[in-house]
Amino acid sequence: MFQKTLHISTSPHVVRGIGTDDIMRNVVWAMAPTAGYAIWVFGLSALLMLLTATAACVLTEHLLARMSGKESTISDWSAVITGALLALTLPPGFPLWMTFLGGVVAIGLGKFAFGGLGYNVFNPALVGRAFLQAAFPVAITTWHKAFAPERFLSVTASTLTFPFTEPAAVDAFSGATPLAAFKFEHAITPAYDLALGLIPGSTGETCAVLIALGGLYLIARGMMDWRIPVSILAAVGVFSSILHLADAEAYPSPVFMWLSGGLMLGAVFMATDMVASPVTPLGVWVYGTLIGVLVVVIRIWGGLPEGVMYAILLGNAVSPHLDKLVIPRVYGTSRTYKTKAT
Amino acid sequence: MNSATSTPPRIGSGRMITAMTATGALCALFIVLAYQGTLPRIEYLKAKALEKAIVEVIPGMTSQKVFRLQPDGTLQEVQEAAKDASLVYAGYDLKGNLAGVAIEASGMGFADVIRIIYGYNPATEQIIGFRVLESKETPGLGDKIEKDPAFLENFKTLPIVLSADKSRVQHRIVAVKHGKKEKAWELDGITGATISSRAVGNILGTSTEHIVPVLHKNLPLLENLAKQ
Amino acid sequence: MSNPISQGQNNKGFWSALAQSQSTNEFLKGLWKENPVFVQVLGMCPTLAVTNSARNGLAMGLATTFVLLMSNTLVSLLRKVIPRQVRIASYILIIATFVTLVDYAIQAISMELSKALGAFISLIVVNCVILGRAEAFASKNTVGRSIMDALGMGFGFVMALLALGSVRELLGYGSIFGLLVFPPVYQEWVIMILPAGGFFTLALWLFVFNWYKTHKKAL
């Protein structure tokens, strides 16, 4: 591998020997248990949704890369992750045509509008999900029962809705998620059910244990910044503990906050997006804390029952500024030394 | 802009003032003419819109009187329907009997303040009509409070449960989940517009708690005026 | 619609004469080459805010065109009278007057329309298209040319708002001008009626315009 010619390039000069595709492939492995469990819990509908979202993302990535005259970047697996993540944040039984549209928006608007992988300001999957939430607010809050008996034999009626038409009226179940139940009924779901995912919710956000396992795997391989999930969960824990101690009646316990909704999925797989999160360790701590606090604020005082998505998107938006704030002092200069804006 | 860089010719401030005054006078003339020209029509449309809303929430009314809610808890008749939130509109039927009272109320919804008007009939102690005057709730979701037929069905007869001496509301109106209505004073909510329908329940609850006892206290006034 | 003056050599007749005339050019440039929204990207506030239906877009566009026409005419008429030092103040005064007029007129026509357009009618006063045309064109040109310029820019603005409003209404309500285009089973994209949809649709149209401009030679 020794080259005689002098290779000139910009920093970084020390490389670790693993490429983008290695990391991305490992992220896919880490998500596999969550996705598999989702299919087991919600059946064929969840499987079709995962396939549709992934296909939409990969296809859009390929076409847009071709259109902009670049080499197709589908082989780096990042589009697969976006697709799978998007599907995991959607409710089971979500119409497939909407899922497909979400995938197109995620890659087109969330990634390629900014210049492709490495330039995206926001986590593309969350951009897709935010678009779908604003476009189809009814369909995205229609939840389905976990462990329906016929889930492997038939597909939920709403899944196969004809493109651009309204999904059929809620057929089986429109149960409230634990967070909605708490917000509107003040009912607490037992922590055991939450941890194992025996609850209605988005496809991939129900089983907190498997998500945590995937996260631990990535941390162990050094492919994820452990500070992000830790700081988010810590911030949520501390903030909600204070509230819970102040008034246990009005505010839920930190365990409930940790295990319910999309917090685990968001903290482990979404907020850790390498491009859209800060680079400096201190910046990461601030970023995670900000997201954690925002999650609690939106859940407790906001109009919506769940706020992980918006909290992470806001965190993404400020992360370049966080890096700038905590920029280390250049040796031999005063603190007010101004670096030239690039 | 090349001309901006060249030095403008020196002129006295007198000419500037004259030019500005002349332009101002010309503009003022235009505005006054337009105001005078359109005022009657605008007033007519405004009155019409309010009247339409009042007639809608008090079924069977043919004439109305406007009262202002005084700070000391009494009502006073006013002639001019000025834009004032603390006005109540009493509606009378053909025979001159009190058909109901229309009350405006507002409160925070999901997106912005929701303004509503509702009709209350003191004789039956029921809300008899309801209409959203202004709301910026999410189209397709929160704006169901304006058109969802099952939700609007609530307001055809919604009893206000009063204490024995009618000095306060016994059970505050509250919105519940769609299909979960059990008590008479509960409001059957809307699936997919939980927050907006709860906001309406809250606005109605606050307003009725405040106004309905006042109406009952001043009932002779409201009824007598009709007979005159 | 590419430069009408340069290619008028061999085809004679009324249209080529019309195309060569100065005032036609003043009119046409606002529609396409210097379209206030798609090319100059001016007046974004009403463009994004009120275009959630074709009807609102059209009403806003026409109101702006009226103000633009009147202010351009008046500014051009008074261009020799108003001293340079107080010109901006005078322009604002003139523009504000006509905005007030339009506000009254719309209230008199329909309460519903005036409610839908809301504060944005009053905000025409700060629409930079209008002050821009007053300062950059009407204050330096004859009344006739200023009127042509105002009409061109105004209709360019109407066209843009109508384009945005139609797309948003079509996707967001499934209708255009209140007439159902898609069958009732159509699933509305609520986001298109929300402010975010305005940004998306504007971006889409800007993309189309820029793409057309860069690929015009190839076509």
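From a predicted model like this one, the values you see are computed outputs, not experimental measurements.

Digging into the domain arrangement of chain A
All names here are of chain A. Under the domain assignment used here, chain A contains domain 1 (20–175) and domain 2 (178–326). Taken over both partners, the interface formed by domain 1 and domain 2 buries close to 2,800 Å², and the fraction arising from carbon and sulfur atoms is 72%. Our count for the contact surface shared by domain 1 and domain 2 stands at 0 salt bridges. Our count for the domain 1 to domain 2 interface comes out at 4 residue pairs in polar contact (both at pLDDT 80 or more). Of all the elements in the fold, those that place two or more residues in the side of domain 1 that touches domain 2 are α1 (20–42), α2 (44–67), α3 (78–89) and α5 (124–135). If one sorts the elements of the side of domain 1 that touches domain 2 by residue count, α1 sits on top with 12 residues.

A few points about the nonpolar core
Core analysis: the largest hydrophobic core is formed by 75 residues, its most contacted members being Phe136 and Phe269 of chain A together with Trp189 of chain C. Two domains each provide a minimum of three residues to this core, namely domain 1 (20–175) and domain 2 (178–326) of chain A. The residues touching Trp189 of chain C, leaving out its near neighbours within four places in the chain, are Trp97, Leu101, Phe131, Ala135, Phe136 and Phe164 of chain A together with Leu171 and Gly172 of chain C. Residues Val50, Met60, Ile82 and Val129 of chain C belong to the second largest nonpolar core, which totals 46 residues.

Quick notes on the interface of chain C and chain B
The partner chain B presents 27 residues to the 28 residues of chain C that form the contact. Here chain C and chain B share 0 salt bridges between them. Connecting chain C to chain B are 2 residue pairs in polar contact (both at pLDDT 80 or more). For the side of chain C that touches chain B, the secondary-structure elements that each account for two or more residues are α5 (87–109) and α6 (111–117) of chain C. If one sorts the elements of the side of chain C that touches chain B by residue count, α5 of chain C sits on top with 13 residues.

Structural notes on the environment of Ala139 of chain A
Relative to the helices and strands, Ala139 of chain A resides in the loop between α5 and α6 (178–185). Taking C-alpha positions, Ala139 of chain A is 23 Å from Leu153 of chain A, a pair spaced 14 residues apart along the chain.

A few points about the confidence of the model for chain C
Residues and elements named next belong to chain C. With 89% of its residues at a pLDDT of at least 70, chain C reaches an overall mean of 84. The low-confidence segment residues 1–11, where pLDDT is below 50, has 7 contacts with residues more than four positions distant or belonging to other chains. Predicted as a complex, the structure gets a pTM of 0.75 and an ipTM equal to 0.76.

Some details on helix α8 (residues 143–173) of chain C
Compared with the 45 Å implied by 1.5 Å per residue over 31 residues, the 42 Å span of α8 of chain C between its first and last C-alpha is a close match. Gly174 of chain C, located one to two residues past α8 of chain C, shows a positive phi value of around 75 degrees.

Observations regarding the pairing of strand β6 (residues 126–134) of chain B
All names here are of chain B. In this sheet, β6 lies alongside strand β5 (residues 113–121) in antiparallel orientation, the contact comprising 7 bridges. In the strand pairing of β6, Arg115 is matched with Glu134. Taking the residues that link successive antiparallel strands as the turn, the β5-β6 hairpin has 4 residues, and the phi of Glu125 there is positive, at about 55 degrees. Summarising the sheet, β6 and strand β7 (residues 158–159) pair through 2 bridges and their orientation is antiparallel. Looking at the pairing, Ile127 lines up with Leu158 of β7.

A few points about the state of the cysteines
What the rule picks out here adds up to 0 disulfides over all chains. Cys128 of chain C supplies the cysteine sulfur nearest to Cys45 of chain C, a cysteine that is in no disulfide, at a spacing of 9.3 Å.

Here we look at the side chain of Thr34 of chain A
Residue and element names in this part refer to chain A. Within the secondary structure, Thr34 is located in helix α1. With relative accessibility at 3%, the residue Thr34 sits in the buried group. Those residues in contact with Thr34, other than ones at most four positions away along the chain, are Leu88, Gly204, Leu210, Ile211 and Phe269.

Regarding the packing of aromatic side chains
Within this structure, the stated rule accounts for 19 aromatic pairs over all chains. Between Trp226 of chain A and Trp285 of chain A the ring centres are 5.7 Å apart and the planes differ by 80 degrees, which places this aromatic pair in the edge-to-face class. Linking Trp226 of chain A in the loop between α8 (208–220) and α9 (227–246) with Trp285 of chain A in helix α12 (residues 281–301), this pair joins segments that are 59 residues apart in sequence. Using a relative accessible area of 32% as the deciding quantity, one classes Trp285 of chain A as partly exposed. An aromatic cluster is defined as three or more aromatic residues linked by ring pairs; in this entry it consists of Trp97, Phe131 and Phe136 of chain A together with Trp189 and Phe200 of chain C.

Section: the pattern of salt bridges
One pass over the structure, following the stated rule, counts 13 salt bridges over all chains. A salt bridge links Lys156 of chain B to Glu153 of chain B; its shortest N-O distance comes to 3.4 Å. A relative accessible area of 51% means that Lys156 of chain B is categorised as exposed. The residue Asp149 of chain C makes a salt bridge to Lys29 of chain C at a minimum N-O spacing of 2.7 Å. Of this pair, Asp149 of chain C sits in helix α8 while Lys29 of chain C is found in helix α2 (residues 22–31), placing the two residues 120 residues apart along the sequence. Each member of the pair, Asp149 of chain C together with Lys29 of chain C, is buried.

Considerations on the packing of helix α4 (residues 54–77) of chain C against α8 of chain C
All names here are of chain C. Remark: α4 packs on α8, axes separated minimally by 8 Å, with the N-to-C direction vectors making an angle of 165 degrees. When the axis of α4 is compared with that of α8, the two are roughly antiparallel. For the element pair α4 and α8, the recorded crossing hand is right-handed.

Criteria and cut-off values
Residues numbered from 1 in each chain as written. Chains lettered and ligands numbered in written order. Predicted model: local features only at pLDDT ≥ 70, side-chain atom pairs only at ≥ 80, totals over all residues. Heavy atoms only, no water. Domains from an automatic or database assignment. Buried area = accessible area lost by both parts, 1.4 Å probe. Salt bridge = Lys/Arg side-chain N within 4 Å of Asp/Glu carboxyl O. Polar contact = N/O pair within 3.5 Å; in protein donor to acceptor, adjacent residues only side chain to side chain. Helix = DSSP H or I, 4+ residues; strand = E, 2+ residues; numbered from the N terminus. Core = buried A, V, L, I, M, F, W, Y, C linked by side-chain atoms within 4.5 Å. Buried < 20%, exposed > 50% of the residue type's maximum accessible area, 1.4 Å probe, protein only. Contact = heavy atoms within 4.5 Å. pLDDT = per-residue confidence, 0-100. Expected span 1.5 Å × (residues − 1). Pairing = 2+ DSSP bridges. Disulfide = S-S within 2.5 Å. Phe/Tyr/Trp six-rings, centres within 6.5 Å; stacked < 30°, edge-to-face > 60°. Axes fitted to C-alpha atoms, helices over the stretch in contact; angles between N-to-C directions. Parallel < 35°, antiparallel > 145°, perpendicular 65-115°, else oblique. Left-handed = near helix turned anticlockwise from the far one by under 90°.

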